[in-house]
Structures are given as structure tokens and as C-alpha cells.
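If you want the building blocks of each chain, they are given just below.
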Amino acid sequence: MTTTLVTTPDPAEPRRKKSAPRLRDGVMKRGSTWSYVIRVKDPETGESKPKWVGGFATEDEAKEARDEARVRARRGEYIDRNAITVSEYLAEWIEGHAVEVKPKTLAGYRVMIRLYIEPNIGKMRLQALRPATLTKLYRDLLTTGRKNGKGLAPNTVKHVHTVLRKALADAVLVDEILPNNPAERAKLPRVQVTEPGGVWTPAQLRQFLDTAKSHRLFAFFRLAAYSGARRGELCNLRWADVDLDVPQFRVTGSSAVIDGERIEGTTKSGRSRVVSLDAETAEILRAHRKSQTAERLRLGESWKGTADYVFTTGWGEPIYPDTVSSLMPTLIKAYNDTKPKKPLPRARLHDLRHIHATTLLLAGVPVHVVAARLGHSDPAITLRVYAHVISEQMASAADIFASSISRAS
């Protein structure tokens with residue numbers, strides 16, 4: 001006979017029961033984070049369905065998000081944040097940034113999104129993005145990112161990363177859709193710092209300016225070369241900001257062309273600055289102002305000028321930045337057509353800024369002074385862009401020191 005031992009539980013011993021998560025007014029803790037649920041009406045079927053959204057650090061954050069979602073649901077404006085795609089989020093994000101980003105920067109963001117982000121990861125769920133996803137995107141853009149199958153320049157890939165990093169940071173901190181920013185941990189391809197290419201010698205600059213003297217916008221090229229100001233800053237310059245008695249001028253804004261329209265905004269650094277002038281450049285600007293006054297009197301009511309821009313068209317309208325850029329190669333060609341022994345090498349308008357900076361640095365002007373003159377927000381930018389010039393100075397530093405000591409003895 002087999003005896004079976006039956007153990008009777010002690011009624012005095014408390015029962016151990018695993019407590020299940022409790023839903024309170026649409027909010028529940030799941031693991032270490034909080035979630036909320038609301039009912040949303042399907043616009044196609046009219047059926048009301050529950051929608052869960054999680055990942056909140058505290059109960060109060062979940063409740064706040066729940067309340068906002070309920071209001072949107074009642075208005076028919078609810079978006080399922082769990083299902084939103086990269087393209088949908090970026091469309092919202094770019095519109096929200098339209099009022100706080102410079103027009104030219106905003107236009108650049110739109111290009112990066114339209115050409116390189118949307119075609120590759122636009123249909124993915126935002127919450128499905130991982131660092132590895134973005135690492136692969138950058139690698140693919142670097143190897144086959146162009147329409148012809150060739151790779152994009154490393155700096156372009158870096159711009160794509162910049163847009164994604166900014167947008168996804170807002171998805172974490174502002175919209176609270178993502179728990180963390182995958183772009184922060186994605187691996188960017190190495191970007192080689194590009195230094196300004198070979199710039200003209202002082203003699204070549206003089207040859208160019210001598211050729212430009214016959215053009216009505218000669219003063220523009222003279223001021224660009226002798227001040228180092230950016231193209232957009234000079235196109236935006238007003239006579240009210242020019243003091244030819246000191247002489248100096250104040251840079252207060254910049255002009256750009258976006259979708260064929262001339263746009264004015266702040267400087268690149270967002271700050272104004274004062275740039276000193278040499279006496280000869282001041283005289284050239286005086287002559288330019290006299291010529292401009294003569295044009296205005298000659299045209300009378302046909303003069304279209306509405307502000308005291310320093311550089312205008314023959315009808316008084318502010319010049320477009322692209323106008324002076326396209327004029328640069330025309331003037332170079334005019335010089336080279338005279339069959340000189342040494343033709344002028346190809347150069348861009350922006351190279352006049354590089355010539356200015358390089359000449360000052362090689363002359364021993366302190367980097368922080370050059371940075372302030374160029375409008376760099378940090379001298380480190382000047383050091384990085386003109387590292388090759390600084391290296392030339394460093395190479396001769398030992399000889400300068402030894403020579404100074406020898407003279408002292």
C-alpha cells in the first residue's frame with residue numbers, strides 16, 4: 001500500500017502573489033518606464049481603438065503627454081507617435097524650425113532631407129531608427145549617394161548627419177518620441193578638413209584689381225579683397241554703416257538668394273562687427289558713392305533704389321550675390337585675353353577673403369585679430385581653416401627666436 005503525503009499550507013503564512021501592473025486613469029508603469037493609453041477614432045472606419053504610447057521616465061510625464069494626446073484626439077489631430085515615419089517627423093520638424101533658423105540654413109536642411117534622407121530612410125518608423133541604421137546610411141551616401149552612382153563628398157555626408165542629429169535631438173527632448181538620439185552613437189565617416197586652395201599672390205591680386213577698375217562695381221572687389229568680408233555681407237551693406245572719415249564700416253547683416261529670391265538676414269555668427277579700412281580703399285568708396293549719386297540723378301524717377309545700399313545695379317536695386325560671383329571669372333578672362341606672360345589662375349570670389357586672411361597671418365597679425373576681422377565666432381575656426389598658414393609661421397618660429405636672442409647679446 002502506497003502512502004501519499006499531503007502538505008497542508010499553513011494559514012498563518014501569507015500568500016506570495018506577484019502583483020500585476022495596474023492601469024489608473026489611462027496610465028500604467030511597464031518595467032522601469034511609464035505608458036499611457038487613449039482611445040482614438042479611426043477616420044476610415046469610425047471605430048474607436050486603444051493606442052498605447054510608452055517610454056516616459058515618470059508618471060507625471062506620462063499623464064501630461066496623455067492629456068495633450070486626449071485634446072488632439074478630440075480635435076481629430078492625433079498622430080500615432082509609435083507609427084510616425086522619419087519623413088513625417090522631419091516634415092513637422094522643419095516647419096517648426098522655419099521661424100528660428102536662417103533662411104539659407106533652412107534651405108540647406110530641406111535639400112539634405114529631400115535628396116538624401118527621405119529616399120533612403122524616409123519610410124522607416126522613427127522609433128525603429130538605430131545607430132547602425134544611420135551608420136549604414138552615411139556609408140552608402142559616401143559610396144553611392146549621387147544619382148550617377150558615385151559617392152557624395154564627406155562634407156555633404158556630414159551635413160546630412162548634422163540635420164539628423166538636430167532633428168532627432170528634438171524628438172528626444174522636445175517631442176519625447178524617442179528615448180535617446182541614435183545619431184549621437186552613429187559612426188560618421190572621416191571628414192578631411194579642407195584648407196583653402198592655392199590663392200593668388202599679392203602681385204596677382206593687384207593685376208586683377210587693375211583689370212576691374214573699368215567696371216562700375218570695382219569698389220566691390222576692392223572692398224572684398226581689402227576687408228575680407230563675405231559676399232553676402234557686402235551685398236547687404238548700407239551707406240549708413242560706412243564711416244569714410246574714420247575710416248571703417250559695420251557689418252550688420254547678410255544677403256543670400258534662395259529659390260531665385262533675394263533674402264536678407266543676420267550675419268553668419270549672428271553678431272555685428274566693425275571692420276577698419278585703409279585710406280586708399282576709403283577714397284575708392286568715396287568715388288563710388290559719387291558715381292552712384294550721378295546715376296541716381298541721371299535716371300530720376302526711373303531709379304528703383306529704396307534703401308541706401310552701397311552696391312546696386314545700374315537702376316538702383318541691390319545687387320544679387322550671384323551677380324558679383326559670376327562677374328569674377330569674366331574679369332579674370334578679360335585680363336587673360338590680353339595675353340600676359342603669366343595668366344591669372346582660376347579663382348572664386350570667396351578666394352579674395354582667403355587672400356586677405358592669408359596675407360594678414362603671414363604678416364604676423366595675431367590670429368584672434370584676424371578672426372575678429374573675418375567675423376569668425378571663435379579664433380579656433382581661423383586656426384582650423386588656415387592651419388597651413390599657421391604651420392608656415394611655426395616653421396620659422398625657431399629662427400626668429402634664435403635671431404632675437406643673438407641680437408640681444
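Residues numbered from 1 in each chain as written. Predicted model: local features only at pLDDT ≥ 70, side-chain atom pairs only at ≥ 80, totals over all residues. Heavy atoms only, no water.

(A) Structural context of the overall build of the chain. Of the regular secondary structure elements, the chain holds 14 helices and 8 strands. For the chain, restricting intrachain contacts to residue pairs at least 6 apart in sequence, the fraction spanning at least 24 positions comes to 58%. Entry remark: accessible area of the chain is about 24900 Å², with carbon and sulfur atoms responsible for 52%. (Helix = DSSP H or I, 4+ residues; strand = E, 2+ residues; numbered from the N terminus. Contact = heavy atoms within 4.5 Å. Areas by Shrake-Rupley, 256 points an atom, 1.4 Å probe, with all protein chains shown as cover.)

(B) View of unusual backbone geometry. In this structure, the amide linkage connecting Val246 to the following residue, Pro247, adopts the cis form with an omega of -10 degrees. Its identity is not glycine, yet Asp25 carries a phi of approximately 50 degrees, on the positive side. Here Asp25 lies in the segment before strand 1 (27-30). A residue is classified by how much of its surface remains accessible, and Asp25, at 54% relative accessible area, is exposed. (Buried < 20%, exposed > 50% of the residue type's maximum accessible area, 1.4 Å probe, protein only.)

(C) Molecular detail of helix 4 (residues 131-144). In a regular helix each residue adds 1.5 Å, so 14 residues correspond to 20 Å; helix 4 covers 20 Å between its end C-alpha atoms and thus fits that length. Within the span of helix 4, buried status applies to Pro131, Leu134, Thr135, Leu137, Tyr138 and Leu141. Buried residues of helix 4, seen end-on, are gathered within an arc of 160 degrees and therefore sit on one face of the element. In this fold, the buried residues of helix 4 make contact with helix 3 (103-121) and helix 5 (154-173). (Expected span 1.5 Å × (residues − 1). Arc of directions from axis to C-beta.)

(D) Focus on the pattern of salt bridges. Across all of its chains, the model carries 19 salt bridges by this definition. Notably, a salt bridge pairs Lys136 with Asp140, separated by 2.8 Å at the nearest N-O pair. Of this pair, Lys136 and Asp140 both sit in helix 4, 4 residues apart, which is roughly one turn of the helix. Among the charged side chains, a network of salt bridges with common partners joins Asp25, Arg66, Asp67 and Arg70. (Salt bridge = Lys/Arg side-chain N within 4 Å of Asp/Glu carboxyl O.)

(E) Fine view of the packing of helix 7 (residues 218-227) against helix 9 (residues 279-299). Close contact between helix 7 and helix 9 brings their axes to 10 Å; oriented N to C, the two are set at 155 degrees. As judged from the angle between their axes, helix 7 and helix 9 are roughly antiparallel. Crossing geometry of helix 7 relative to helix 9 is assigned as left-handed. Contacts between helix 7 and helix 9 pair Phe218, Ala219, Arg222, Leu223 and Tyr226 from the former with Glu280, Thr281, Ile284, Leu285 and His288 from the latter. Residue classes in the contact of helix 7 with helix 9 are distributed as 6 nonpolar, 2 polar and 2 charged. (Axes fitted to C-alpha atoms, helices over the stretch in contact; angles between N-to-C directions. Parallel < 35°, antiparallel > 145°, perpendicular 65-115°, else oblique. Left-handed = near helix turned anticlockwise from the far one by under 90°. Nonpolar A, V, L, I, M, F, W, Y, C, P; charged D, E, K, R; others polar.)

(F) Focus on helix 10 (residues 321-336). If you check helix 10, its first and last C-alpha atoms are 24 Å apart, about what 16 residues at 1.5 Å a residue would give, namely 22 Å. Of all the residues in helix 10, the buried ones are Pro321, Val324, Leu327, Met328, Leu331, Ile332 and Tyr335. Turning to helix 10, the residues buried within the fold contact helix 6 (202-212), helix 7, helix 8 (231-235), strand 6 (254-258) and helix 11 (350-362).

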